Amino acid sequence: MTARRLHEALLARGETVAAAESLTAGLFCATLAAVPGASATLRGGAVVYATDLKTTLADVPADLLAASGPVSEPTAAALAEGIRRRCSATWGVGLTGVAGPDPVDGRAPGRVFLGLSDGLVTVVHELDLPGDRAQVRAGAVAAALLRLLDRLPEHPLPGE
């Protein structure tokens, strides 16, 4: 299970994660929390489904949201950075996108922006995921777990 592997890798490194979730509405945090002992690595998160909550809970600048929209690369990056700071975590994950069935702001269902921030570098992955609402949301969580797990070796260990 990828969530268990991520938890074990974070634990071995003494690192933590937090997530600001829009389209996944807490599914990323719930998936990690299903792993026994997850409280050692999962700091917390925020469900920021409503656009205004992206600003108030995850520190996404209102002017960025107005310029880029809630489903965008800059918003995913800001979600990851903001929640990492808010929760004092090593890693921040930002998930925004369109689960469907209808497009949002010209974005087709299945378009997902996944932000990962370690406080030094923030990367955003743009994904086009197939399926219905449940499949897109589950695919976004699976991608977030894998992409974060893949990125861990690039991050300097504490004290390095």
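Refer to the structure presented above.
Analysis parameters
- Residues numbered from 1 in each chain as written.
- Predicted model: local features only at pLDDT ≥ 70, side-chain atom pairs only at ≥ 80, totals over all residues.
- Heavy atoms only, no water.
- Buried < 20%, exposed > 50% of the residue type's maximum accessible area, 1.4 Å probe, protein only.
- Helix = DSSP H or I, 4+ residues; strand = E, 2+ residues; numbered from the N terminus.
- Pairing = 2+ DSSP bridges.
- Disulfide = S-S within 2.5 Å.
- Expected span 1.5 Å × (residues − 1).
- Contact = heavy atoms within 4.5 Å.
- Polar contact = N/O pair within 3.5 Å; in protein donor to acceptor, adjacent residues only side chain to side chain.
- Axes fitted to C-alpha atoms, helices over the stretch in contact; angles between N-to-C directions.
- Left-handed = near helix turned anticlockwise from the far one by under 90°.
- Nonpolar A, V, L, I, M, F, W, Y, C, P; charged D, E, K, R; others polar.

Caption draft 1: Here's a closer look at the pairing of strand S4 (residues 111-117). Summarising burial for S4: 6 of the 7 residues are buried, a large majority. Note that strand S3 (residues 91-97) and S4 share 6 bridges and pair antiparallel. For Leu95, the partnering residue across the bridge sits in S4 and is Leu114. The turn joining S4 and strand S5 (residues 122-128), which pair antiparallel and follow one another in sequence, is formed by 4 residues; a positive phi near 90 degrees is taken by Gly119.

Caption draft 2: Spatial organisation of the state of the cysteines. Taken as a whole and judged by the stated rule, the model has 0 disulfides. Free cysteine Cys29: the closest other cysteine sulfur is in Cys87, separated by 8.1 Å. When its relative accessible area of 14% is taken as the criterion, Cys29 is described as buried.

Caption draft 3: Structural view of helix H6 (residues 133-151). With 19 residues, H6 should cover 27 Å at 1.5 Å per step; its first-to-last C-alpha distance of 27 Å lies within 8% of that length. The set of residues buried in H6 consists of Val136, Ala140, Val141, Ala143, Ala144, Leu145, Leu148, Leu149 and Arg151. At its buried positions, H6 is contacted by helix H1 (2-13), strand S1 (17-21), helix H2 (27-33), S3, S4 and S5. Near the N-terminus of H6, the side chain that reaches the backbone nitrogen of Ala134, with its oxygen 3.2 Å away, is that of Asp132.

Caption draft 4: Expanded view of the sheet that holds S5. An order of S2-S1-S3-S4-S5 is seen for the 5 strands of this open sheet, with the pairing classed as mixed. Two strands lie at the open edges of the sheet, namely strand S2 (42-47) and S5, each paired on one side alone. This sheet shows a mean twist of 15 degrees between the axes of neighbouring strands, independent of strand direction. Pairing between S1 and S3: 5 bridges, direction parallel. Across the sheet, residue Val17 finds its bridge partner in S3, namely Trp91. Strands S1, S3, S4 and S5 of the sheet are contacted by H6, whose axis makes an angle of about 30 degrees with S4.

Caption draft 5: Structural context of the packing of H1 against H6. Closest axis-to-axis distance for the H1/H6 pair is 9 Å, and the angle between their directions is 30 degrees. For the crossing formed where H1 meets H6, the hand is left-handed. Side by side, H1 and H6 meet where Thr2, Ala3, Arg5, Leu6 and Ala9 of the first sit next to Leu145, Leu146, Leu148 and Leu149 of the second. By residue class, the composition of the contact of H1 with H6 is 7 nonpolar, 1 polar and 1 charged.

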